[in-house]
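Close look at the chain arrangement
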Amino acid sequence: MSDTLTDILDSAEALTDPRQHSEPRYEWDANRNKKPVDPYRTIVPGLIQQLRDLAEEGSTSGDESGVRSVPDSRPPGEFDAVSLIAAITFGAAWRAGQVGLKARDTAEGNIRSIVGTISTLDSDTQHDIRRELMSWRRQADVILGWEQPPIELVAPCPVVDADGYGTPCGARGTLVAQRDGSGARCVKCGAVWDEKTVGMLFEHVRRYTEASKAAAERARKVIRDAKAEQRRIADEARERRHTEAA
Ligand SMILES: [Zn+2]
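What this report covers is the structure whose coordinates are included nearby.

Rules used in this analysis
Residues numbered from 1 in each chain as written. Predicted model: local features only at pLDDT ≥ 70, side-chain atom pairs only at ≥ 80, totals over all residues. Helix = DSSP H or I, 4+ residues; strand = E, 2+ residues; numbered from the N terminus. Buried ≥ 20, exposed ≤ 12 C-beta atoms within 10 Å, placed from the backbone. Contact = placed C-beta atoms within 7 Å. Pairing = 2+ DSSP bridges. Axes fitted to C-alpha atoms, helices over the stretch in contact; angles between N-to-C directions. Parallel < 35°, antiparallel > 145°, perpendicular 65-115°, else oblique. Left-handed = near helix turned anticlockwise from the far one by under 90°. Nonpolar A, V, L, I, M, F, W, Y, C, P; charged D, E, K, R; others polar. Arc of directions from axis to C-beta. Core = buried A, V, L, I, M, F, W, Y, C linked by C-beta atoms within 7 Å. Expected span 1.5 Å × (residues − 1).

Assigned secondary structure in the chain consists of 6 helices and 6 strands. For the chain, the succession of helices and strands along the chain, N to C, is α-β-β-α-α-α-α-β-β-β-β-α. By residue count, 17% of the 246 residues in the chain fall in the buried class. Taking contacts inside the chain between residues at least 6 apart in sequence as the whole, the part at least 24 apart equals 48%.

Below, the structure is given as structure tokens:
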């Protein structure tokens with residue numbers, strides 16, 4: 001099966017079908033070592049249903065008069081959830097009609113019937129559908145918190161040739177890494193480190209952090225030494241005044 005079809009099936013399934021979610025758990029033994037234990041396994045609904053649940057949480061949290069007394073109590077992402085559901089519902093219905101299918105009642109129904117007919121569609125349409133489904137899935141993952149934003153690495157980008165003409169990147173605050181350590185990239189020059197190469201980047205960051213720690217320590221020592229010298233001069237001056245006065 002082509003990658004396009006795999007992506008389409010994967011994304012459609014994530015959007016429409018319940019799946020098992022494992023929450024990792026740990027316990028600490030007598031020696032305070034962290035040990036993994038059996039994860040909690042729960043069945044979570046498809047992403048579209050999760051978005052509906054998130055949107056609903058906000059709309060039922062007001063008091064009986066329907067007036068919301070504490071607007072800040074809305075869960076984060078609720079507005080995003082509402083607009084993404086609208087985009088998916090409309091987009092899936094439009095796409096179903098565009099490929100000649102009868103529109104279903106739900107976004108899930110439309111997505112499933114589109115996937116059911118996918119192999120009969122031309123490759124341009126398949127690519128469009130792939131892009132739509134993957135974008136919806138990605139946005140849903142972010143809104144629902146399944147996907148955590150990457151972490152920023154504190155080191156300048158080590159890329160020595162960012163443009164093919166030997167211009168180093170060296171940008172600061174632009175290196176971001178996946179939380180599981182599986183990859184990283186520079187948002188300035190676009191360099192990507194994958195599972196095989198990311199170790200070298202982490203090594204660069206480690207060295208940079210240690211070097212800057214050492215530099216900071218040297219700077220502190222210079223200040224300490226200067227202060228000690230000032231104190232010595234002041235002490236000497238006081239001593240001289242004492243002896244002169246005596
Ligand atoms: Zn860079």
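To continue, consider the pairing of strand E1 (residues 19-28). Burial within E1 is sparse, with just 0 of its 10 residues counted as buried. Relative to strand E2 (residues 34-44), E1 is paired through 9 bridges, and the arrangement is antiparallel. Along E2, the bridge assignment pairs Trp28 with Lys34. The hairpin turn running from E1 into E2, its antiparallel successor, is 5 residues long, and Arg32 in that turn takes a positive phi close to 60°.

On to the environment of Asp161. Mapped onto the elements, Asp161 comes out in the loop between strand E3 (151-152) and strand E4 (175-177). Taking C-alpha positions, Asp161 is 9.5 Å from Cys189, a pair spaced 28 residues apart along the chain. Apart from residues no more than four positions distant in its own chain, Asp161 is found in contact with Gly166 and Thr167.

Put simply, helix H1 (residues 3-16) and helix H5 (residues 123-144) touch, their axes get as near as 9 Å, and they point 40° apart. It follows from the interaxial angle that H1 and H5 lie oblique. For the pair H1 and H5, the sense of crossing is left-handed. Contacts from Thr4, Asp7, Ile8, Ser11, Ala12, Ala14 and Leu15 of H1 reach H5 at Gln126, His127, Ile129, Arg130, Leu133, Met134, Trp136, Arg137 and Ala140. Across the contact of H1 with H5, the residue classes tally to 9 nonpolar, 4 polar and 3 charged.

Next up on the list: helix H4 (residues 107-116). All buried positions along H4 are accounted for by Ala107, Glu108, Asn110, Ile111 and Ile114. For H4, the buried positions fall inside an angular range of 165° around the axis, keeping them on one side.

On to the sheet that holds E4, then. In space, the 4 strands of this open sheet follow the order E3-E4-E5-E6, with antiparallel pairing throughout. Strand pairing shows two members of the sheet lacking a second neighbour, E3 and strand E6 (192-193), which therefore form its edges. Relative to strand E5 (residues 184-186), E4 runs antiparallel, the two sharing 3 bridges. Paired with Val176 across the two strands is Arg185, which belongs to E5.

Core analysis: the biggest nonpolar cluster contains 23 residues, and Leu15 and Leu51 have the highest contact counts within it. Contributing elements (two or more residues each) for this core: H1, helix H2 (47-59), helix H3 (78-98), H4 and H5. Examining the composition of this core, we find that 6 residues originate from one element, H3, more than from any other. With near-sequence residues (within four places) excluded, Leu51 lies in contact with Ala81, Leu84, Ile85, Ala140, Ile143 and Leu144. By size, the runner-up hydrophobic cluster in this structure holds 9 residues, among which are Ala155, Cys157, Ala184 and Cys186.

For the rest of this paragraph, the subject is H5. Given a rise of 1.5 Å per residue, 22 residues ought to cover 32 Å, and the 31 Å separating the end C-alpha atoms of H5 matches this to within 8%. Taken as a whole, H5 has its buried residues at Ile129, Arg130, Glu132, Leu133, Trp136, Arg137, Ala140 and Ile143. Looking one or two residues beyond H5, the residue adopting positive phi is Gly145, at roughly 80°.

Moving on, we come to the packing of H1 against H4. Following both chains from N to C, one finds H1 and H4 inclined at 160°, their axes separated by 10 Å at the closest point. With respect to their mutual orientation, H1 and H4 come out roughly antiparallel. The two elements H1 and H4 cross, and the hand of that crossing is left-handed. Touching Ile8, Leu9, Ala12, Leu15 and Thr16 of H1 are Glu108, Ile111, Arg112 and Val115, all from H4. Its residues placed into classes, the contact of H1 with H4 shows 6 nonpolar, 1 polar and 2 charged.

Tracing the backbone through its elements, the reader meets Lys34 in strand E2. On the neighbour-count criterion, Lys34 (8 C-beta atoms within 10 Å) is exposed. Contacts of Lys34, omitting those with residues within four sequence positions, involve Tyr26 and Trp28.

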